[in-house]
Amino acid sequence: MTAPPLALLAELTHRCPLRCPYCSNPTALTRPGEELDTATWSRIFVEAADLGCLQIHLSGGEPTARRDILDLVRAASTAGLYTNLITSGVLLNGTRLDALAEAGLDHVQLSIQDAEPTSADRIGGYRGGHAKKLAFAHLVTEAGLPLTLNAVVHRQNLDRLPAMIDLALELGAGRLEVAHVQYYGWALANRDALMPTRAQLDAATATVEAARTTHRGRLVIDYVVPDYYATRPKSCMGGWGQRFLAVSPAGRILPCHAAESLPGFDFPDARTTTLRAAWEESEAFNRFRGTGWMPEPCQGCARAEQDWGGCRCQAFALTGDAAATDPACALSPHHALLALALEASDRAGEGFTYREPGRLPQPAPVLPLA
Ligand code: SF4
Ligand code: FES
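Named according to an unreviewed UniProt entry, the protein is PqqA peptide cyclase originating from Belnapia arida. Under the heading Function (unreviewed entry), UniProt records this for the protein: "Catalyzes the cross-linking of a glutamate residue and a tyrosine residue in the PqqA protein as part of the biosynthesis of pyrroloquinoline quinone (PQQ)." Taken verbatim from the UniProt record of the protein, the Subunit (unreviewed entry) comment is "Interacts with PqqD. The interaction is necessary for activity of PqqE."

Structure, rendered in structure tokens:
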């Protein structure tokens, strides 16, 4: 029997006032008129709880761009789910936050782009955004809600990681996620401008380790390392179809939030398929579940049930084959692609390609092996 998922990622909308160059949303976004309505989301939340999910991450885009966000939080809470709002914070004020708390919101996860305001606003493509975020963070802690700060780090902000840790402490966050950019979705188009240097990575890792010791008991620091310097991949999503499921704004039920980038899938539609049927029976969730699908060199590898062959979306983005071993693994025949990408980023400038209405990025830069 398939074990139940721990959490549902509900991507309520792709609308967002920010334009982060590492956005993990698909390159082609769902239009507002195509989004699921309140009643359908509410039914999905009940199905998630029945399936065994304990938590729901209300995400986007910017989830508070939904006019019915209060109803959605109330519905998720009433279903018995622990509700986490993943937000940029720029659309919220104290009154709205109080209403969200009253509706049953349990936790807030707030993104920051940098510790330095001018750089933060440039990276997010939203003038004045950083100041709004700080004001919102204070409102969250004043309301007594637990706060996690999420800092996506890369070449253009990593040197200020110590300041970001100080900021998390100053704002009263209980947890800080320091997440190196993962290169799929829009981030792949900006890979060269975002890739950290080896020296930056080593400094950041040392900073995190020291801060974990210094601030033990006050601030938990999660650290997501960059695949391009790794010799073994991360266990993406805890394994395909094993711990999480996501529902896209248009209602596609997905094993990971980026899975719509993969061709050749018929992902179940939440309008016509229950979460349980999608999780337990669908071909899309079963295709990469477990170890039976794995190619060499994963077959028989001692780490097969630890990293599950790495990330399917990254495997596709870099090799064109979602069933390939993640090139982040040094045993992958495609591992040299990462070194080529690192070399290319050494020569790159700092300019970003931002999302513009109707604009798609250049095709993913799959580099030839030498
Ligand atoms: Fe993981 Fe496959 Fe590499 Fe083994 S060969 S470490 S299972 S990605
Ligand atoms: Fe989709 Fe890793 S992001 S499997």
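Now that the structure has been shown, we can carry on.
Undergrad: Sorry if this is basic, but what is going on with the overall build of the protein here?
TA: A tally of helices and strands in the protein yields 13 helices and nine strands. The C-alpha radius of gyration computed for the protein amounts to 20 Å, which stays within 12% of the reference 21 Å derived for 370 residues, consistent with globular compactness. With the principal axes as the frame, the protein shows a C-alpha extent of 60 × 45 × 45 Å. Here the protein holds 370 residues, and 45% of them are scored as buried. For the protein, long-range pairs separated by at least 24 residues make up 73% of all intrachain contacts whose partners lie at least 6 apart in sequence.

Undergrad: Would you mind going over unusual backbone geometry with me for this structure?
TA: Both trends apply: most residues other than glycine have a negative phi, and most peptide bonds are in trans. Look at the link from G60 to G61: it is a cis peptide, with omega at 10°. With respect to the element layout, G61 can be found in the loop between β2 (55-59) and α2 (69-78). A cis amide bond links E296 to the next residue, P297, at an omega of 5°. Along the chain, the position of P297 falls in the loop between α10 (283-286) and α11 (304-307). Phi at M237 is positive, roughly 60°, even though this residue is not glycine. The topology assignment puts M237 in the loop between β7 (220-224) and β8 (244-247). Residue M237 is classed as buried on the basis of its 24 C-beta neighbours within 10 Å.

Undergrad: Can you walk me through the site of ligand 1 in this structure?
TA: Around ligand 1 lies a shell of 14 residues, among which C298, C301, R303, C329 and L331 are the nearest. By residue class, the composition of the shell around ligand 1 is seven nonpolar, three polar and four charged.

Undergrad: I'm lost on the pairing of strand β3 (residues 82-87) in this one. Help?
TA: Two faces belong to every sheet, and in a regular strand the side chains alternate between them. A large share of β3 lies buried, amounting to five of its six residues. Note: β2 against β3, four bridges, orientation parallel. Bridge assignment links L58 to a residue of β3, and that residue is L85. Handedness of the crossover is the feature at issue here: the chain leaves β2, passes through α2, returns alongside β3, and the resulting connection is right-handed. With four bridges connecting them, β3 and strand β4 (residues 107-112) associate as parallel partners. The residue of β4 that forms the bridge with I86 is Q109. Taken together, β3, helix α3 (residues 94-103) and β4 form a β-α-β motif whose crossover is right-handed.

Undergrad: I'm lost on α2 in this one. Help?
TA: Three- or four-residue spacings in an α-helix give side chains the same orientation, since the helix completes a turn every 3.6 residues. When we look at burial in α2, the residues that qualify are I69, L72, V73, R74, A75 and A76. For α2, the secondary structure elements touched by its buried residues are α1 (38-51), β2, β3 and α3. Two residues or fewer past α2, G80 is found with a positive phi of approximately 100°.

Undergrad: What exactly am I supposed to notice about the UniProt feature "binding site: [4Fe-4S] cluster" (unreviewed entry) in the protein here?
TA: With numbering matched to this structure, UniProt assigns "binding site: [4Fe-4S] cluster" (unreviewed entry) to C16, C20 and C23. The topology assignment puts C16 in the loop between β1 (7-11) and α1. Apart from the residues within four sequence positions on either side, C16 is in contact with G60, G61, E62 and A65. Position of C20 relative to the elements: it lies in the loop between β1 and α1.

Undergrad: Can you walk me through the UniProt feature "domain: Radical SAM core" (unreviewed entry) in the protein in this structure?
TA: With numbering aligned to this structure, UniProt lists the feature "domain: Radical SAM core" (unreviewed entry) at residues 2-218. Between the C-alpha atoms that bound residues 2-218 there is a distance of 37 Å. The span itself is 41% helix and 16% strand.

Undergrad: What is the right way to look at the environment of R355 in this model?
TA: Turning to its location among the elements, R355 is positioned in the segment after α13 (336-346). Residue R355 is classed as buried on the basis of its 21 C-beta neighbours within 10 Å. Sequence separation between R355 and L70 is 285 residues; the distance between their C-alpha atoms is 28 Å. Residue contacts for R355: discarding those within four places in its chain leaves R19, C23 and W186.

Definitions and cut-offs
- Per chain, residues are indexed from 1 in the order of the written sequence.
- Here the convention is simple: chains get letters from A, ligands get numbers from 1, in the order in which they are written.
- Local features in this predicted model are restricted to residues of pLDDT 70 or higher, and side-chain atom pairs are both shown and tallied only at a pLDDT of 80 or more, whereas totals for entire chains, interfaces and linings draw on every residue.
- UniProt positions are given in the numbering used here, feature names are shortened, and annotations may be inferred rather than shown by experiment.
- Only DSSP runs of H or I covering at least 4 residues are called helices, and only runs of E covering at least 2 are called strands; the numbering of each starts at the N terminus.
- Radius of gyration means the value over C-alpha atoms here, while the globule rule gives 2.2 Å times the residue count to the 0.38 power.
- We call a residue exposed when 12 or fewer other C-beta atoms sit within 10 Å of its C-beta, buried when the count reaches 20 or more, and partly exposed for counts in between; the C-beta positions come from the backbone.
- C-beta atoms are first placed from the backbone for all residues, and any pair lying within 7 Å is then listed as a contact.
- Using the backbone to place each C-beta atom, any residue with that atom within 6 Å of a molecule or strand is considered near it.
- Under the convention adopted here, Pro, Cys and the residues Ala, Val, Leu, Ile, Met, Phe, Trp and Tyr are nonpolar, Asp, Glu, Lys and Arg are charged, and Gly plus all remaining residues are polar.
- Criterion used throughout: strands pair if DSSP finds at least two bridges between them.
- By convention, a crossover is right-handed whenever its connection, traced from the first strand over the helix to the second and viewed with the strands pointing away, goes clockwise.

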